[in-house]
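Each chain, written out:
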Amino acid sequence: MSDAVTTEAATTGTPFTPLREQLRDAAATFADGPGAYAEILTGMVDDVDRAFAEELEIFPVCHHSPASALAMARRLREKQPEVIYLEMCEDLRPMLEELRNCRLPVALQAFASELDGFPSAWGPLSVVAPITEASAEYQAIAYALETPGVELVLVDRSADHVFQWLPAEPGTPADNGGAPDGDGGGSGASEAAPADESAALHGEAVGLGIGDLRPRFAELRSYLLHHGKVRHWSEWWDQYVEQPLTGADYDTYRQVMVMIGSLFRRLRPDGADTDRDADRERYMWTRMREHLAASGIDRSRCLYVCGAFHAASPVAEFGSVPGTPDWPISPRTRTRWRYGLIPSSHSAIEAQFGLAAGSVSIAQATWAKAVTRGGVTPYRLAGQQTGRKRAKPKPPRTASGPSAEVAPTGDRLTGFLSRPPVLDDLDEAELLGWCVEIVRLARRNGYLASTADAIAVFETSILLAGMRGRARPTPYDFADAAVTCIEKDVVPGRRDVRRLCEILLGGDRIGQVGYDALPPLARDVFDRLAPLGVAPDRRTVQRTLLDLTRQPELVPCSDLLWVLRRLLPAGVVRPIMGERRLGERSIQESWDLALGRDQRAIIELGYEGVTVEQVLEQRLRRAAWAPDATAAAALAAVEDAILFLNARRLVDELGNRAVELLAAERTVDDAPEVLRRIRRLLAYYRAAGPELPAWCETFVTAGYAHYCTLLPTAFVAEESGVRQVAAMLGFLFSMESLALALGCDRAQLELAVRQSHPETPAKVALLWAARFQLGLLSRDELRSRSADLLANPLVVPAFPQYLSGFVQALEPVPALTGFVVEVLSEAFARLPDPVLLPWLPTLITTLRKESPEFVPMLVREAGRTFPATLAAVDSWVPPWAAGPVPDPASDGSGVGAAAVDSGIVALLSGQPVTTDAVAELLGCGDVGWRPVTSQVVDGRSGAVGTLVRRYDSTGVAVAALLDR
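Residues numbered from 1 in each chain as written. Predicted model: local features only at pLDDT ≥ 70, side-chain atom pairs only at ≥ 80, totals over all residues. Heavy atoms only, no water.

Q: Which residues make up the overall build of the protein chain, and what are the values?
A: Across its full length, the protein chain holds 41 helices and 15 strands. Relative to its full complement of 964 residues, the protein chain shows a buried share of 50%. Here the contacts in the protein chain between residues at least 6 apart in sequence split such that 77% fall between residues at least 24 apart. Accessible surface, the protein chain as shown: approximately 45100 Å² in total, 56% of it carbon and sulfur. (Helix = DSSP H or I, 4+ residues; strand = E, 2+ residues; numbered from the N terminus. Buried < 20%, exposed > 50% of the residue type's maximum accessible area, 1.4 Å probe, protein only. Contact = heavy atoms within 4.5 Å. Areas by Shrake-Rupley, 256 points an atom, 1.4 Å probe, with all protein chains shown as cover.)

Have a look at this one:
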């Protein structure tokens, strides 16, 4: 509070002058002289005096407070205001009409996915304002919407300004401006329990509420909790503020709430939150003066509903008197905001605003109890979905007449602060009902609870309340007693007792948005899924079976479900049976659908378009044209467009974009993903039609030239891994025939391989494999080089890296599978144990890390190579260790290369017609037959004899076949 305001309040005679003097004398007595302590105490009185001197009536509230809701309902019926100014984002006003179609609690939401004027790292932006039945804002909204002639004006900053006022630093908006800024009251440490599914209904949205009254001064908060004998702030507030004010008169309520807001405002550290709170107050008062000037309404017929923290405002723009300086309001950015309603829950509100678990449920139970006792008739929207009967509202009284005027206000603070708190008597019937019900719930959840436990909970609740200075046990005392007496051990997989107490006292109520309040996209989804019996008000997970062969009319439903699975978070639409791949369609599908339970996801989807197909197309385009888009991402978009949209024009557009991105890439990090996706797309197009699309052909030719150009650099670059280089070679070798047919030159690939000179062992092995594939290196040379590596003691520690390169080479050169098995076998056979045993862990980790998908190939090849029985292992000779077949030209017999088996000679000379026809076909018909000379040798010593003796089982099988 400024010095001018303080001096004016102190020198002007007001109803609070005696209280101010009394507090100043007390400060001088206990603090040994005037000082900061006296300034704080008298300043709180000055703030109350200033708020009550304002002709525009200020109604201070606390966030989701039953006492505030009760006072609001009473005041609205007494005053019947014509204009209500409400502290809430001004651009959320059109969505208030849709609350009739919802079941509370719900949250008003402003959502923006396309940002213009904000850092891109912040997107998407989301702001939510939760509404519960036990809140003063809902009473004001229901009164304004149900009473003819009453205008409701939202005066708080817009959702756009919420993010404008955040510091433009990297990070998410929720990190920089969460609930403290949104509520205007600040928060200490969060008291909420770990979030569950229902606590995540708001996502990462910035929460906006009215009057979150918690001290920002950590020492004050600790002092109040310690001396109040409570564990968290929600319990302190319920005991010392909520319960005393529930039955208090209106003037006492207003003065106490403004005083508390002033106290917490004065005892807070300075910072960015302080400046934002002051700016919000300037914003709201400026908007109210603008409306008063435009409408010309009497200020005494208006009501300003704001947080108690903002009611004690020291800004110069405070007040509705004409001539008060206005605050310049900055224009909104060009960001396009969309608005709607999303389901909320008690636990979501507690998690977002840092409240203790169960506090909102207890507030709801307190509100329901007060309404049942008949102390007040609340306002409710006509058509509001509720689970109980509604009392008929009393007919509104006429707003005109002296009875509607605000009577002069006296000092109620002195009496409230001087008298001891009124302690409620013990309600034994209520406490006994709680104790019996908690035992019943505990038994249903697996606890060994009995009547003795109910008695123990009853007595312990009274004992705990007495120890904490309360005559009547609160729900918090009851919960502590239940945990002490019943939760002797934890039942695995069951709810704990504290959670059972929350269920007993009201539970985690989850709101629901009605069909008429859903965005067009969500309504379209439910209409198209109507043949499956999917309804927006069904909260349970629905299992549905689609027989697409017998019921072809369900094919559109299946297509829609696959699109929803692609767009919505995991678990909302989950396939149990069936899949969708390129060229494959299921004949039967089974789905688990939770669209009614997880409304938030499909509602936010409706902010992006009118149909799910439009949203998917926008997302695919956004992914392909993003600043960090890659060729692999564009190919993934192509695949999704084929699977879910079947739009040829869009596929061609995305495919051409993939070509552009591939040609512009200067790294090969995504080469494995590119190879996998383009192979799958080429296989699909070859099976689906006679020719490939033009973009596919262009992609192959551009990729062939692109990877040939980058290959020498990738072989030597440290940032290029072996897997990426192997994928490049895989693209070049597997697409070689198609690329050459489309006009590429194979010499470019050969030149790129010859120019590659890697240094790391894995890439060296990969280069050898590439040279083998091109015919520049034979298998014998490969075998010789690997033998040299095993024979060199200095190279043996690095041999697993060479082996990793050979394994990665199976991608471009699958013919090397047998050779890799041979190299592994030779390593295990030749290396001594002192070298082999330390080497094995490195080998295993290398294979697992760099080539897990190729290990099954090696296992299958080893299964074909090695003997199948243990007895055959001792006599087994590896194929690569067997000697070569003897060459007849060099066996020393003088027979020469023309020596053949006499049986073959006899067969050919006896039936010359076939031989002459083959010779004529080959152009050798004029050669003629040679006479049989000494070149004919015995069959047992010729090449055929050697072959038959080595593989005699084939001859035996043929002989047995001919004997039949």
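That shown, we press on.
Q: Can you explain the sheet that holds strand 12 (residues 573-577)? Please cite residues and give values.
A: The strand order 11-13-12 describes an open sheet built from three strands, whose pairing is antiparallel. With one partner strand each, in any of the chains shown, strand 11 (542-547) and strand 12 form the two edges of the open sheet. Within this sheet the neighbouring strands show an average axis-to-axis angle of 25 degrees, counted without direction. In this structure, strand 12 lies alongside strand 13 (residues 588-593), joined through four bridges in antiparallel fashion. Pairing of Pro-575 across the sheet is with Trp-591, part of strand 13. Where helix 22 (residues 555-567) meets the sheet, it contacts strand 11, strand 12 and strand 13, and its direction lies at approximately 50 degrees from that of strand 13. (Pairing = 2+ DSSP bridges. Axes fitted to C-alpha atoms, helices over the stretch in contact; angles between N-to-C directions.)

Q: Just give me the short version of the pattern of salt bridges, but keep the residues and values in it.
A: Between side chains of opposite charge, pairing is possible as soon as their charged atoms come close. Going through the model one piece at a time under the given rule, you end up with 47 salt bridges. Across the pair Glu-57 and Arg-75 runs a salt bridge whose closest N-O atoms are separated by 2.9 Å. With Glu-57 in strand 1 (residues 57-61) and Arg-75 in helix 4 (residues 66-79), this residue pair connects regions lying 18 residues apart in the sequence. Note on Arg-75: relative accessible area 5%, which makes it buried. For Arg-543, the salt bridge identified is with Asp-592, shortest N-O distance 2.3 Å. Taken together, the positions of Arg-543 in strand 11 and Asp-592 in strand 13 put the pair 49 residues apart, joining distant regions of the chain. Here the salt bridges share partners, and the residues they tie into one network are Glu-639, Glu-673, Arg-676, Arg-677 and Arg-680. (Salt bridge = Lys/Arg side-chain N within 4 Å of Asp/Glu carboxyl O.)

Q: Please give an account of helix 27 (residues 671-688) that cites residues and values.
A: Every α-helix winds through 3.6 residues per turn, so residues three or four apart in the chain are directed the same way. The terminal C-alpha atoms of helix 27 lie 26 Å apart, and with 18 residues this matches the ideal 26 Å at 1.5 Å per residue to within 8%. Within helix 27 the residues assigned to the buried category are Ala-671, Val-674, Leu-675, Arg-677, Ile-678, Leu-681, Leu-682 and Tyr-685. Close packing links the buried residues of helix 27 with helix 25 (631-645), helix 26 (648-664), helix 28 (694-716), helix 29 (722-734) and helix 30 (736-741). (Expected span 1.5 Å × (residues − 1).)

Q: With reference to specific residues and values, describe the packing of aromatic side chains.
A: All told, the structure shown has 20 aromatic pairs when counted by the stated rule. Taking 5.6 Å as the distance between ring centres and 40 degrees as the angle between the ring planes, the aromatic pair formed by Phe-59 and Tyr-253 counts as tilted. Placement of the pair is Phe-59 in strand 1 and Tyr-253 in helix 11 (residues 250-266), with a sequence separation of 194 residues. Phe-59 sits in the buried class, given a relative accessible area of 0%. Here Tyr-253 falls in the buried class, since its relative accessible area comes to 1%. (Phe/Tyr/Trp six-rings, centres within 6.5 Å; stacked < 30°, edge-to-face > 60°.)

Q: Residues and numbers for the nonpolar core, please.
A: If you look at the biggest cluster of nonpolar residues, it comprises 226 residues, and the most contacted ones within it are Tyr-85, Phe-163, Tyr-304, Leu-529, Leu-564, Leu-595 and Phe-699. The residues touching Leu-564, leaving out its near neighbours within four places in the chain, are Val-525, Leu-529, Val-573, Leu-595, Leu-605 and Val-612. Core analysis: the next-biggest nonpolar cluster, separate from the first, contains 25 residues, Val-439, Phe-458, Val-497 and Cys-501 among them. (Core = buried A, V, L, I, M, F, W, Y, C linked by side-chain atoms within 4.5 Å.)

Q: Requested: an account of the state of the cysteines, with residues and values cited.
A: Within the structure shown, the criterion is met by zero disulfides. Counting only cysteine sulfurs, Cys-485 is the nearest neighbor of Cys-435, a cysteine outside any disulfide, at a range of 8.8 Å. (Disulfide = S-S within 2.5 Å.)

Q: A description of the pairing of strand 13 should follow, citing residues and the corresponding values.
A: For strand 13, the buried fraction is high: five of the six residues fall into the buried class. Pairing of strand 11 with strand 13, which is carried by six bridges, proceeds in the antiparallel orientation. Looking across to strand 13, one finds that Gln-542 is bridged to Leu-593.

Q: How would you explain the environment of Glu-146 if you had to name every residue and give the values?
A: Mapped onto the secondary structure, Glu-146 falls in helix 5 (residues 136-146). Taking relative accessible area as the criterion, Glu-146 reaches 31% and is therefore assigned partly exposed. Sequence separation of Glu-146 and Arg-380 is 234 residues, and the distance between their C-alpha atoms is 8.2 Å. If we ignore the near neighbours within four places in the chain, the residues touching Glu-146 are Arg-100, Arg-380, Leu-381 and Ala-382. A distance of 3.1 Å separates a polar atom in the side chain of Glu-146 from the backbone nitrogen of Ala-382. (Polar contact = N/O pair within 3.5 Å; in protein donor to acceptor, adjacent residues only side chain to side chain.)

Q: An account of the confidence of the model for the protein chain is needed here, citing residue identities and associated values.
A: In the predicted model, the protein chain carries a mean pLDDT of 78, and the fraction of residues at 70 or more is 77%. Here residues 174-190 is modelled with pLDDT under 50, and outside its nearest four sequence neighbours on either side it reaches 56 contacts, counting other chains as well. Considering only residues more than four positions removed or in separate chains, one finds that residues 389-408, a stretch of pLDDT under 50, has 25 contacts. (pLDDT = per-residue confidence, 0-100.)

Q: Please set out a negative patch on the surface residue by residue, giving values where relevant.
A: Together, Asp-669, Glu-718, Glu-719 and Glu-759 give the surface a local cluster of negative charge. Along the chain, the position of Asp-669 falls in the loop between helix 26 and helix 27. (Patch = residues over 30% accessible without salt bridge, like charges linked within 9 Å, V, L, I, M, F, W, Y side chains within 5 Å. Lys, Arg positive; Asp, Glu negative; His and termini not counted. Charge placed at Lys NZ, Arg CZ, Asp CG, Glu CD.)

Q: So what's going on with the sheet that holds strand 6 (residues 151-156)? Residues and values would help.
A: Taken in spatial order, the four strands line up as 1-8-2-6 in an open sheet, and their pairing is parallel. The outermost strands of the open sheet, each flanked by one partner alone, are strand 1 and strand 6. Strand-to-strand twist in this sheet, taken as the mean axis angle between neighbours without regard to direction, amounts to 30 degrees. Looking at chain direction, strand 1 and strand 8 (residues 302-307) are connected through five bridges and run parallel. Bridging across to strand 8, Val-61 finds its partner in Gly-307. Sitting on the sheet, helix 5 is in contact with strand 1, strand 2 (83-89) and strand 6, with an inclination near 130 degrees to strand 2. Contacts from helix 11 reach strand 1 and strand 8 within the one sheet, and its direction differs from that of strand 1 by about 70 degrees.

Q: Give a description of unusual backbone geometry that names residues and reports values.
A: Cis geometry marks the peptide bond from Leu-104 to Pro-105; its omega dihedral reads 5 degrees. Positionally, Pro-105 belongs in the loop between strand 3 (102-103) and strand 4 (106-112). A positive phi angle is found at Gln-80, which is not glycine, with a value near 50 degrees. Considering the arrangement of structural elements, one finds Gln-80 in the loop between helix 4 and strand 2.

Q: Residues and numbers for the packing of helix 22 against helix 24 (residues 612-624), please.
A: Any two packed helices are characterised by the angle at which their axes cross and by the distance between the axes. Where helix 22 meets helix 24, the axes come as close as 10 Å, and the angle between the chain directions of the two elements is 45 degrees. The orientation of helix 22 relative to helix 24 falls into the category oblique. When you trace helix 22 past helix 24, the crossing you get is left-handed. For the pair formed by helix 22 and helix 24, the contact residues are Leu-560, Val-563, Leu-564, Arg-566 and Leu-567 on the first element and Val-612, Val-615, Leu-616, Arg-619 and Leu-620 on the second. Its residues placed into classes, the contact of helix 22 with helix 24 shows eight nonpolar, no polar and two charged. (Parallel < 35°, antiparallel > 145°, perpendicular 65-115°, else oblique. Left-handed = near helix turned anticlockwise from the far one by under 90°. Nonpolar A, V, L, I, M, F, W, Y, C, P; charged D, E, K, R; others polar.)

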